[in-house]
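Survey of secondary and tertiary structure
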Amino acid sequence: MENAYKKSIIVTGGAGFIGSNLIETLIEENEIIVIDDLSNSAGDKFIKGFEKRDNFKLITNDINKAGAFDSIGKADLVIHFAANPEVSKGYENPDISFNDINGTKNVLKFLKEKEIKNMIFASSSVVYGEPESMPIKENQGPYKPISAYGAYKLASEGMITSYSHYYGIKAGIFRFANVVGKNQTHGVILDFINKLKINPKELTILGDGTQNKSYIHVSDCISAIMYLNEKIDKTEIINLGNIGTTSVLKIADTVKGKMGLKEVNYKMSDSKDGRGWKGDVKKIELDTSKAENLGWKNKYDSDEAVEKAVIEILTQTS
Ligand SMILES: NC(=O)c1ccc[n+]([C@@H]2O[C@H](COP(=O)([O-])OP(=O)(O)OC[C@H]3O[C@@H](n4cnc5c(N)ncnc54)[C@H](O)[C@@H]3O)[C@@H](O)[C@H]2O)c1
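Everything numeric in this text was worked out from a predicted model, so none of it was measured. (Residues numbered from 1 in each chain as written. Predicted model: local features only at pLDDT ≥ 70, side-chain atom pairs only at ≥ 80, totals over all residues.)

**A short note on the overall build of the chain**
A count of helical and extended segments in the chain gives eight helices and 14 strands. Compactness check: the chain gives a C-alpha radius of gyration of 19 Å against a globular reference of 20 Å for 318 residues, within 12% of the reference. Across its three principal axes, the chain shows a C-alpha extent of roughly 60 × 45 × 40 Å. Looking at the chain residue by residue over its 318 residues, the buried ones come to 46%. Within the chain, contacts between residues at least 6 apart in sequence are counted, and of these 82% link residues at least 24 apart. (Helix = DSSP H or I, 4+ residues; strand = E, 2+ residues; numbered from the N terminus. Rg over C-alpha atoms; globule rule 2.2 N^0.38 Å. Buried ≥ 20, exposed ≤ 12 C-beta atoms within 10 Å, placed from the backbone. Contact = placed C-beta atoms within 7 Å.)

**Structural notes on the nonpolar core**
What tends to happen in soluble globular proteins is that the nonpolar side chains get buried as a cluster. Ranked by internal contacts, the top residues of the largest apolar core, which has 84 residues, are Val11, Val78, Leu111, Phe174, Ile189, Cys221 and Leu240. Counting only domains with at least three residues in this core, you end up with domain 1 (8-179 + 214-240) and domain 2 (182-212 + 244-284 + 300-317). Those residues in contact with Val78, other than ones at most four positions away along the chain, are Ile10, Val107, Leu111, Ile116 and Met119. (Core = buried A, V, L, I, M, F, W, Y, C linked by C-beta atoms within 7 Å. Domains from an automatic or database assignment.)

**Regarding the sheet that holds strand β6 (residues 170-176)**
Spatial ordering of the open sheet is given by β3-β2-β1-β4-β5-β6-β11, a layout of seven strands whose pairing is parallel. The open sheet is flanked by β3 (56-60) and β11 (236-240), the only strands paired with a single partner. On average, each strand axis in the sheet is tilted by 20° relative to the strand beside it, whichever way the strands run. The sheet contact formed by strand β5 (residues 118-124) and β6 spans seven bridges and is parallel. Paired with Ser123 across the two strands is Arg175, which belongs to β6. Against the sheet, helix α2 (residues 95-114) touches β1 (8-12), β4 (77-80) and β5, its axis set at about 175° to β4. Across the face of the sheet, helix α5 (residues 218-231) comes into contact with β5, β6 and β11 while running at roughly 150° to β6. (Pairing = 2+ DSSP bridges. Axes fitted to C-alpha atoms, helices over the stretch in contact; angles between N-to-C directions.)

**Focus: the site of the ligand**
For the ligand, the set of nearby residues contains 26 residues, the closest of which are Gly13, Gly16, Phe17, Pro85 and Ala122. Those elements giving two or more residues to the shell around the ligand turn out to be α1 (17-26), β5 and β7 (178-180). Per-element accounting of the shell around the ligand gives the leading share, three residues, to α1. A per-class count over the shell around the ligand returns 12 nonpolar, 11 polar and three charged. (Near = placed C-beta within 6 Å. Nonpolar A, V, L, I, M, F, W, Y, C, P; charged D, E, K, R; others polar.)

**Concerning the pairing of β5**
Remember that side chains alternate between the two faces of the sheet whenever the strand is regular. Burial runs high along β5: seven of the seven residues are buried. Side chains Asn118, Ile120, Ala122 and Ser124 project from β5 onto one buried face, and the interleaved Met119, Phe121 and Ser123 project onto a second face that is buried too. Two elements, β4 and β5, share three bridges in a ladder whose sense is parallel. Residue pairing across strands places Ile79 opposite Ile120, the latter belonging to β5. Taken together, β4, α2 and β5 form a β-α-β motif whose crossover is right-handed. Between the parallel pair β5 and β6, the chain is carried across by helix α3 (residues 148-167), and the sense of this crossover is right-handed. (Right-handed = clockwise from strand over helix to strand, strands pointing away.)

**A word on the sheet that holds strand β9 (residues 212-213)**
Within a beta sheet, neighbouring strands are joined by backbone hydrogen bonds and run either parallel or antiparallel to one another. Spatially, β12-β9-β14 is the arrangement adopted by the three strands of the open sheet, whose pairing is mixed. Edge strands, defined here as strands with exactly one partner in the open sheet, are β12 (246-247) and β14 (283-284). Looking at chain direction, β9 and β12 are connected through two bridges and run antiparallel. Residue Asn212 lies in a different strand from β12, and its bridge partner there is Ser247.

**Considering the packing of α2 against α3**
Where α2 meets α3, the axes come as close as 9 Å, and the angle between the chain directions of the two elements is 15°. Regarding the angle of α2 to α3, the classification is roughly parallel. Considering how the two elements wind past one another, α2 and α3 form a crossing that is right-handed. For the pair α2 and α3, contact is made by Ser97, Asp100, Ile101, Thr104, Lys105, Leu108, Leu111 and Lys112 and by Ala148, Tyr149, Ala151, Tyr152, Ala155, Ser156, Met159, Ile160, Tyr163 and Tyr167, respectively. Tallied by class, residues from the contact of α2 with α3 come to 12 nonpolar, three polar and three charged. (Parallel < 35°, antiparallel > 145°, perpendicular 65-115°, else oblique. Left-handed = near helix turned anticlockwise from the far one by under 90°.)

**Let's talk about the environment of Trp296**
With respect to the element layout, Trp296 can be found in the loop between α7 (289-293) and α8 (302-317). For the pair Trp296 and Met119, spaced 177 residues apart in sequence, the C-alpha to C-alpha distance is 19 Å. Ignoring sequence-local partners within four residues, the contact set of Trp296 consists of Ala224, Tyr227, Leu228 and Ala291.

**Things to note about the domain arrangement of the chain**
Under the domain assignment used here, the chain contains domain 1 (8-179 + 214-240) and domain 2 (182-212 + 244-284 + 300-317). Relative placement of domain 1 and domain 2: their C-alpha centres are 25 Å apart. In this complex, domain 1 contributes 27 residues to the contact, which on the side of domain 2 involves 19 residues. Mapped onto the side of domain 1 that touches domain 2, the elements with two or more residues apiece are α1 and β10 (215-217). Across the side of domain 1 that touches domain 2, the residue classes break down as 12 nonpolar, 12 polar and three charged.

And the structure:
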């Protein structure tokens, strides 16, 4: 019998925040194989509902280890999400990012071996480091990441473009701003909600609260990568940001408001330069004209994305 599904898609890190949201939108029409070591804070909670479907398969493996893809056959598309997503871990343990580079290596070896010609990679705005002028375009170097996480993303991008040239792989490399929404496993919104649930009177904010970044709702992020991957006919690097930025203090106010709290004492964590952690980029604004020229437009701007995500996470964790 002919396969009824449009595509077979492998999603590394599919059990996590962005991956599980992505699978929700792809599962009806495609065959999905997730490879994930379930190291995120939610384990397999967000993909439990898919596990009984015959077009869904979970392989629990660490992709950074050799042989992780041995039991997997050819697919139409590989979406590479599996990695530590927390920039803040790099200072204490940069090895995490060295290991994640191995993950990208194993993904690329797999693509070459199985002659898979399309991949999507979740890169990040942190590859730019602290640019002198903003909003920043995709081709505006030099790239000087200030975190091991950023360096891992940049190294991966380079290996992907080289494999793309060598072996005729089309890669959609997307430099995400901060992605927010339901199923978050980490990040500032979840952190604030968790802290305020424990102590509704006081909130410790990492840094001085003036960090100002673009937030994109996960539904926009997912629609964008799938739409843009279809649009491009060769490997492209594309910023996925948003209109405007939202400060950490504004996020704190939004969380406080949506939780119905009146008096919360904001306590700024002790850092000399106002960063949340060593390697935190305090301000970043992406030029998104490349995505727009390809016909992409977000539904939610930065403030709206944050507000929607706060409501979604509160509903989910209540
Ligand atoms: N969330 C954001 O704001 C953001 C921004 C830029 C880029 N990204 C990138 O998007 C991707 C997905 O991030 P997310 O926010 O969904 O994080 P997440 O932690 O929720 O998802 C990542 C998933 O990968 C898995 N994983 C991690 N290391 C693995 C390994 N070695 N082998 C197998 N599985 C592994 C985890 O268990 C998790 O399920 C990551 O590559 C992240 O760096 C995220």
